[in-house]
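Observations on chain architecture
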Amino acid sequence: MSQHEYYSLTVNGEQHPVQDAWIGESLLYVLRERLGLPGSKGACEQGECGSCTVYIDNAAVCSCLVMAATAVGSQIATVEGLNTDGSLTDVQQAFVTEGAVQCGFCTPGLVMAVHHLLDHNDSPNEQEVKEALSGNICRCTGYGRIFAAVESVISVRKSSAS
Amino acid sequence: MTITKTHRDVLGASALRPDGVAKVQGDFSFSSDLHAENMLWGATLRSPHPYARIISIDLSGAWKIAGVECVITADDVPGQLTYGLISEDQPVFAKDVVRYMGEPIAAVAADHPETCRRALAAIKVEYEILEPLTDPERAIDGSHPDIHPDGNIIRHQRIVSGDITATAPIVVEGTYDIGMQDQAFLGTESALALPDHDGSGIEVFVATQWLHEDRKQMAKCLGLPEEKVRLVLGGVGGAFGAREDISLQVHTALLALRTGRPVKMQYGREESFFGHVHRHPAQIWMRHHATEDGRIVKIEARMVFDGGAYSSTSSAVLINGVTHTQGPYQCPNAVVDGYATRTNNPPCGAMRGFGVVQACFAHEGQMDKLAVATGIDEVEIRLRNIIHTGDTMITGQVLESVAPVERCIRETAALPLPAEMSSHPHELDLPGGSGRTADRRHIVRGIGWGVSMKNLMYSEGFDDYSTARCTLTNGKVELKFATSEVGQGFVTLAPQIARSILGVDDVTYDTIDTQIGSAGSTSASRQTWMSGGAVDGACRLVRERLFEHVGALHGVDPLRLGIDDTDIIDTIGDFRISVQEACADLSISETFEYHHRPTEDLDENGQGNCHVAFAFVAHRAVVDVDIELGLVKVVQIATAQDVGRVLNPMSVVGQIEGGIAQGLGLAVMEEIIVKDGKVRNPSFTDYLLPTALDAPQVLISMIEEPDPQAPMGAKGVGEAPCISVTPAIVAAIRNAIGKPIDRCPVRPQDICF
């Protein structure tokens, strides 16, 4: 098998050289196995579960469906880049305190999806939250505590804005 | 592993998960995140046929591919060729015959997953295709030749209780079909195996429910003594029963031992559907005899659980099914006939609810039929029949558990119903969800009920135990246990126990591995009771020694000492010292093994004290059904659950909401479609799971009546939420459309035609 591809990806604002790669590798594979960024998870390989959600040029995408080599020249953001100083974002903190995390496998993808939603809509209603998260499957929580976490972030942001 | 210190996260507090921060940052290591220097990837070749004779296997094509380091088959298994949880009837690799679609035949190790894929494609297997046995009734009637040396019936169990000739004026019967559900944990099977330098042993990081059982089965197949097989829990992305059996453990270890290099194996989603057992599809016939005022006089039942090609835990699932025929109701007379069959369908075994889900779907359908036949309200008919502590069950066992069934029903009924659907509802609130296909004019609402009873822990004489160690050093506690944390939250609960008993806040836990005695499986709603009991016991032993030390030092009888918050106090005097001060420069370590009370096997008439304890729950479902398109929206689930004692409210809510979502899945969407022994939908595109848009409003009442048998009064809460919610939803659909539906999941054609 030929593993001769060389290219460079911009992930979380940093240039990452990719060496000796196979052209068929997905962005999820390259992030996890070559760049040491395993925060994005793979659970379905079909874009159904959202566990691998990353942003490419600010669009939330399933990284399992993107060939890594096609992301050259794009700005890629992963869960590891949400807060590089080790502190938690408000969404991450709310997931912890509201009990939205059980096994945690869906969590990084959901955290990315929630940030993406709130970046584009600072006061989503219940239906908008559910629709925005319906591409991220969680098998443990039944979503109740996840909704609670999102509601808490929305209300804290609203009260601190006013 | 370090736990963030929180102030007084004792029992009863909603302590936060110690692994929560790592999980939200993507920093928590799941087994699939692990890497090792010089690591190879492993992959498995599986049968495309449900039943075939293997004529030949040609591995030469795989060996020729650059980057392939190892190719193995059944001929390379150094130890026992088969494994299994109860009966060792499943081959590590199929040798002469394959008995289900997806059965492993060979495995490869190579430098890259794509190399593995190509190597598998280059292996040539010649098959003689055989006629598969796919109808469990043919396994029972003997009309199909045995597909396995152990025969086509895994287990047959009768229950004969009371007067079998008894009858009564009201007789209702039904035949209920329960589909094959998948656990669909998000983190697929994965393991990293690291061979010892001299090849004499191996260390395996694996996502599993039961480290010690895996080790036992692996050691036999690898031909190694158990102490040469060390297992460490890799981060587990959900389990729900699917990690109780061996999947890739032996294959990964064999490839690593053979190559002398670390090997990582990880299933993709499609392979995961073939790589683990599922919930048994079942067909259950029941006939209830009752008085005109609705009291059950006799139940007749016949249950067929299709175990698929290998036995896994089928015999235990069957026992749970037949012994829960009556549900949470009194039943003086019963005749039950149960079969677990072997077919060429996918192997089935443990899934949350374990046989009781199927039995409950049938007995709750029967209660609704009884309500119609007697003209009694569906809540009242249940209340008239409820079982109480001290009642004798159809197995002859006396129900000793606290049994607040009446409170479960009444408190559920007291929870508010949802508002009527508005005349102009949001399209996402309609049946069809994001499909947005329903029309308000075609939508009808229905309400349905389900009540259930679930055994806790293992049954039938199994000596079930769990081990834990507590070490108190300089005012800090470290716990050690082999309890699999699969997301349920034992790692949150264990430190809460230690803080409560020892008055110490700084509690950490050591790596979860086989370097201590077994904790048993994270299944059967058992870890809060069993491993909680072990941690509780170990901490109490440490406290006893701490009191002896303090008593001797300060001249107080140790028996008078107690813990008050973070202080040690003389309970009948003025002496008080902080735990921190009292245990400076002190180190105490104690190990405790918790056993539950012994149980018995069932005899040929199904009589015996086979279960340890029970938990109860009621569910009320409200659904909107589009009768034109056959679409269902579950609007609300109200539930009151017997939890014994709430040790962590937020964790209990999480278990209840999550269990309800899985029961909802079985009610209206989740089914592995098997045709002629072949799985037709092994993907998340075709096997549908509840999404955020499918999540109903959930109203919860927790019923706290501490069970004196339980170490901390708390019953396991994991399984109960997913059991009677399924029949409640299906009953609500029946109520909405006014037609009988006796199967789950309910499909559009069941509603429309």
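Reading guide: rules and limits
Residues numbered from 1 in each chain as written. Chains lettered and ligands numbered in written order. Predicted model: local features only at pLDDT ≥ 70, side-chain atom pairs only at ≥ 80, totals over all residues. Helix = DSSP H or I, 4+ residues; strand = E, 2+ residues; numbered from the N terminus. Rg over C-alpha atoms; globule rule 2.2 N^0.38 Å. Buried ≥ 20, exposed ≤ 12 C-beta atoms within 10 Å, placed from the backbone. Contact = placed C-beta atoms within 7 Å. pLDDT = per-residue confidence, 0-100. Domains from an automatic or database assignment. Nonpolar A, V, L, I, M, F, W, Y, C, P; charged D, E, K, R; others polar. Expected span 1.5 Å × (residues − 1). Pairing = 2+ DSSP bridges. Axes fitted to C-alpha atoms, helices over the stretch in contact; angles between N-to-C directions. UniProt positions renumbered as here; feature names shortened; annotations may be inferred. Parallel < 35°, antiparallel > 145°, perpendicular 65-115°, else oblique. Left-handed = near helix turned anticlockwise from the far one by under 90°. Core = buried A, V, L, I, M, F, W, Y, C linked by C-beta atoms within 7 Å.

Regarding the overall build of chain A
- A tally of helices and strands in chain A yields five helices and five strands.
- Mapped in sequence order, the helices and strands of chain A form the string β-β-α-β-β-β-α-α-α-α.
- Expected size for 162 residues packed as a compact globule is a radius of gyration near 15 Å; at 16 Å, chain A falls within 12% of this value.
- Overall, chain A is about 55 × 30 × 25 Å in size when its C-alpha atoms are taken along their principal axes.
- Within the span of chain A, comprising 162 residues, buried residues form 54% of the whole.
- Within chain A, counting contacts between residues at least 6 apart in sequence, those at least 24 apart form 56% of the total.

A look at the overall build of chain B
- Looking only at helices and strands, chain B has 17 helices and 31 strands in total.
- Scaling as 2.2 N^0.38, a compact globule of 753 residues should have a C-alpha radius of gyration of about 27 Å, and chain B matches this with 27 Å.
- Overall, the C-alpha framework of chain B stretches about 75 × 75 × 60 Å when taken along its three principal axes.

Notes on the confidence of the model for chain B
Residue and element names in this part refer to chain B.
- Looking at chain B as a whole, its pLDDT mean stands at 97, while 99% of the residues score no less than 70.
- The low-confidence segment residues 1-6 (pLDDT under 50) makes 14 contacts with residues lying over four places distant or belonging to another chain.
- Scored as a complex, the prediction yields pTM 0.97 and ipTM 0.99.

Considering the domain arrangement of chain B
All names here are of chain B.
- Looking at the assigned domains, one finds that chain B contains domain 1 (20-29 + 465-595), domain 2 (34-130 + 185-239 + 243-275) and domain 3 (282-459 + 601-752).
- Taken over C-alpha atoms, the centre of domain 2 sits 36 Å from the centre of domain 3.
- Listed by partner, the interface residues are 18 residues for domain 2 and 20 residues for domain 3.
- Tallying contributions element by element places helix H7 (residues 269-275) first for the side of domain 2 that touches domain 3, with four residues.
- For the side of domain 2 that touches domain 3, the per-class residue count stands at eight nonpolar, four polar and six charged.

Considerations on helix H9 (residues 356-374) of chain B
Residue and element names in this part refer to chain B.
- Over its 19 residues, H9 extends 26 Å from the first C-alpha to the last, a length consistent with the 27 Å expected when each residue adds 1.5 Å.
- Burial runs high along H9: 17 of the 19 residues are buried.
- With its phi angle positive at about 70 degrees, glycine 375 sits one or two positions after the end of H9.

Brief notes about the sheet that holds strand S6 (residues 97-98) of chain B
- Read from one edge to the other, the open sheet built from three strands follows the order S6-S2-S8 (chain B), with strand pairing classed as antiparallel. With one partner strand each, in any of the chains shown, S6 and strand S8 (124-129) of chain B form the two edges of the open sheet.

A few points about the sheet that holds strand S11 (residues 190-195) of chain B
All names here are of chain B.
- An order of S3-S7-S1-S14-S11-S12-S13 is seen for the seven strands of this open sheet, with the pairing classed as mixed. Where the open sheet ends on each side, the last strands, each with one partner, are strand S3 (68-72) and strand S13 (229-233). The sheet shows a mean angle of 20 degrees between the axes of neighbouring strands, direction not considered.
- Pairing of strand S1 (residues 40-46) with strand S7 (residues 104-110), which is carried by six bridges, proceeds in the antiparallel orientation. Directly across from alanine 43, in S7, lies its bridge partner valine 108.
- Packed onto the sheet, helix H5 (residues 211-222) meets strand S12 (202-206) and S13 and runs at close to 145 degrees relative to S13.

So, unusual backbone geometry
Residues and elements named next belong to chain B.
- Here cysteine 744 and proline 745 are connected by a cis peptide whose omega angle stands at -5 degrees.
- Within the secondary structure layout, proline 745 lies in the loop between strand S31 (743-744) and helix H17 (748-752).
- Positive phi, close to 70 degrees, is recorded for methionine 457, a residue that is not glycine.
- Its location among the elements puts methionine 457 in the loop between strand S18 (443-456) and strand S19 (465-473).

Remarks on the UniProt feature "domain: Aldehyde oxidase/xanthine dehydrogenase a/b hammerhead" (unreviewed entry) in chain B
- When the UniProt feature table is mapped onto this chain numbering, "domain: Aldehyde oxidase/xanthine dehydrogenase a/b hammerhead" (unreviewed entry) sits at residues 25-131 of chain B.
- When the span residues 25-131 of chain B is considered, its composition is 13% helix and 36% strand, and the gap between its end C-alpha atoms is 51 Å.

Digging into the packing of H5 of chain B against helix H6 (residues 249-259) of chain B
Residue and element names in this part refer to chain B.
- Where H5 contacts H6, the axes come no closer than 10 Å and their chain directions differ by 45 degrees. By the criterion of interaxial angle, the relationship of H5 to H6 is oblique. In the crossing of H5 with H6, the sense of the turn from one axis to the other is right-handed. Residues Asp214, Met218, Cys221 and Leu222 of H5 form the contact with H6, whose own contacting residues are Gln249, Val250, Ala253, Leu254 and Leu257.
- Here the residues of the contact of H5 with H6 are counted per class, giving seven nonpolar, one polar and one charged.

Some thoughts on the interface of chain B and chain A
- Counting residues at the interface gives 51 residues for chain B, matched by 44 residues for chain A.
- If you list the elements that add at least two residues to the side of chain B that touches chain A, you get helix H1 (20-24), helix H3 (113-122) and helix H15 (649-668) of chain B.
- Of the residues forming the side of chain B that touches chain A, the biggest block, seven residues, is contributed by H15 of chain B.
- Taken together, the residues of the side of chain B that touches chain A sort by class into 22 nonpolar, 19 polar and ten charged.

Observations regarding the nonpolar core
- Core analysis: the largest hydrophobic core is formed by 300 residues, its most contacted members being Val108, Ala498, Val535, Val623, Ile729 and Ile733 of chain B.
- For valine 108 of chain B, the contacting residues outside a window of four places in its chain are Gly42, Ala43, Ala62, Val68, Cys70, Val71, Cys116, Ala119 and Leu120 of chain B.

Description of the domain arrangement of chain A
Residue and element names in this part refer to chain A.
- Domain boundaries assigned for chain A yield domain 1 (5-79) and domain 2 (90-161).
- Here domain 1 and domain 2 have C-alpha centroids that lie 23 Å from each other.
- Broken down by element, the residue count for the side of domain 1 that touches domain 2 peaks at three residues, all from strand S3 (residues 53-56).
- When its residues are assigned to classes, the side of domain 1 that touches domain 2 shows seven nonpolar, five polar and one charged.

Observations concerning the environment of arginine 469 of chain B
Residue and element names in this part refer to chain B.
- Positionally, arginine 469 belongs in strand S19.
- As for arginine 469 and alanine 534, which are separated by 65 residues in sequence, their C-alpha atoms are 8.0 Å apart.
- Setting aside its immediate chain neighbours within four residues, arginine 469 contacts Leu479, Lys480, Ile516, Ala538, Ser589, Glu590 and Thr591.

Digging into the packing of helix H2 (residues 90-97) of chain A against helix H5 (residues 144-161) of chain A
All names here are of chain A.
- Running from amino to carboxyl end, H2 crosses H5 at an angle of 135 degrees, the nearest separation of the two axes being 8 Å. In this view, H2 runs oblique relative to H5, as classed from their interaxial angle. Pair H2 / H5 crosses with right-handed handedness. On the side of H2, the interface is formed by Asp90, Val91, Ala94 and Phe95, while H5 contributes Ala149, Ser152, Val153 and Val156.
- Counted by class, the contact of H2 with H5 contains six nonpolar, one polar and one charged residues.

Here we look at H2 of chain A
- Restricting attention to buried positions, one finds in H2 of chain A the residues Val91, Gln92, Ala94, Phe95 and Val96 of chain A.
- In this fold, the buried residues of H2 of chain A make contact with helix H3 (107-120) and H5 of chain A together with H1 of chain B.
- Positioned one or two residues after H2 of chain A, glycine 99 of chain A has a phi angle of 80 degrees, which is positive.

Quick look at the environment of alanine 149 of chain A
Residue and element names in this part refer to chain A.
- Here alanine 149 shows up in helix H5.
- Spatially, the C-alpha atoms of alanine 149 and glutamine 93 are 8.6 Å apart, while their sequence positions differ by 56 residues.
- With residues up to four places along the chain from it excluded, the contact list for alanine 149 reads Ala94, Phe95, Glu98 and Ala100.

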